[in-house]
Amino acid sequence: MSSVPAPRLCTIVKRDDKDEYGFNLYKKKNTPGQFIGSIDPGSPAEDAGLKDGDKLVEVNGIDVTQENHKQVVQRIREIPTQVTVLVVDNNCEEYHKEKKIKITNLLPHVLHISPKIGTKPDDKIEKLAKNLQAISIIGEIPNDVNKTVDDTEESIEKLERTDSSTSLSSSEKSVHSQSTDSVRSTPSP
């Protein structure tokens with residue numbers, strides 16, 4: 001049995017040193033929809049798994065198959081630092097068309113692709129959140145605020161070993177949940 005060609009849900013995250021996602025968007029003559037054009041090598045778009053020729057189906061959870069170029073570009077720019085796009089290659093689109101299956105990010109066989117580890121700008125945010133968590137638990141600012149995440153985690157582990165009976169306050173739980181939860185922004189219809 002052959003596998004089902006999967007749509008790809010790609011999260012593209014801008015880097016601190018770049019203002020662009022690193023791909024072009026274009027319209028094919030006499031073909032509905034918007035397509036991914038050339039992809040810059042090493043760009044956030046490449047890291048997220050976009051491929052030249054992919055057709056855009058959704059932007060941030062919104063179906064864009066009937067929208068014009070300007071509308072799609074506006075949706076891509078709604079969230080300044082990242083965008084989540086559902087894309088299909090020609091094989092995937094034809095398969096779903098033949099089976100009369102509407103392509104959405106809710107299909108069970110959607111392939112979710114996030115940026116490669118170490119390329120996302122929120123690594124610094126996660127490190128800061130962990131440092132803040134350590135400050136709120138320990139009650140003091142570490143001497144070296146630039147200490148590594150490993151050092152911070154070691155401090156937290158030591159604290160947990162010395163006082164395993166103490167539970168986190170609601171504000172500490174909030175800082176903890178902010179540093180570990182992933183965020184997905186979907187505009188309201």
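In the block above lies the structure referred to throughout.
To keep things clear, this report deals only with the structure shown in the data block. Here the structure is a predicted model, which means the values were calculated and not measured.

Before going further, it helps to examine the packing of aromatic side chains. Enumeration over the complete set of coordinates arrives at 2 aromatic pairs. The residue whose ring lies beneath K14 is Y21, and the NZ or CZ to ring-centre distance is 4.9 Å. In this structure, K28 packs its charged tip against the face of F35, placed 4.4 Å from the ring centre.

Moving on, we get to the pairing of strand β4 (residues 55-59). Taken across its 5 residues, β4 has 5 buried, putting it largely inside the fold. One ladder, built from 2 bridges, connects β4 with strand β5 (residues 62-63); its direction is antiparallel. Of the residues in β5, the one forming a bridge with E58 is D63. Between the end of β4 and the start of β5, which pair antiparallel, lie 2 residues, with N60 showing a positive phi angle near 50°.

Each value, and the rule that gives it
Residues numbered from 1 in each chain as written. Predicted model: local features only at pLDDT ≥ 70, side-chain atom pairs only at ≥ 80, totals over all residues. Heavy atoms only, no water. Phe/Tyr/Trp six-rings, centres within 6.5 Å; stacked < 30°, edge-to-face > 60°. Lys NZ or Arg CZ within 6 Å of the ring centre and 35° of its normal. Buried < 20%, exposed > 50% of the residue type's maximum accessible area, 1.4 Å probe, protein only. Helix = DSSP H or I, 4+ residues; strand = E, 2+ residues; numbered from the N terminus. Pairing = 2+ DSSP bridges.

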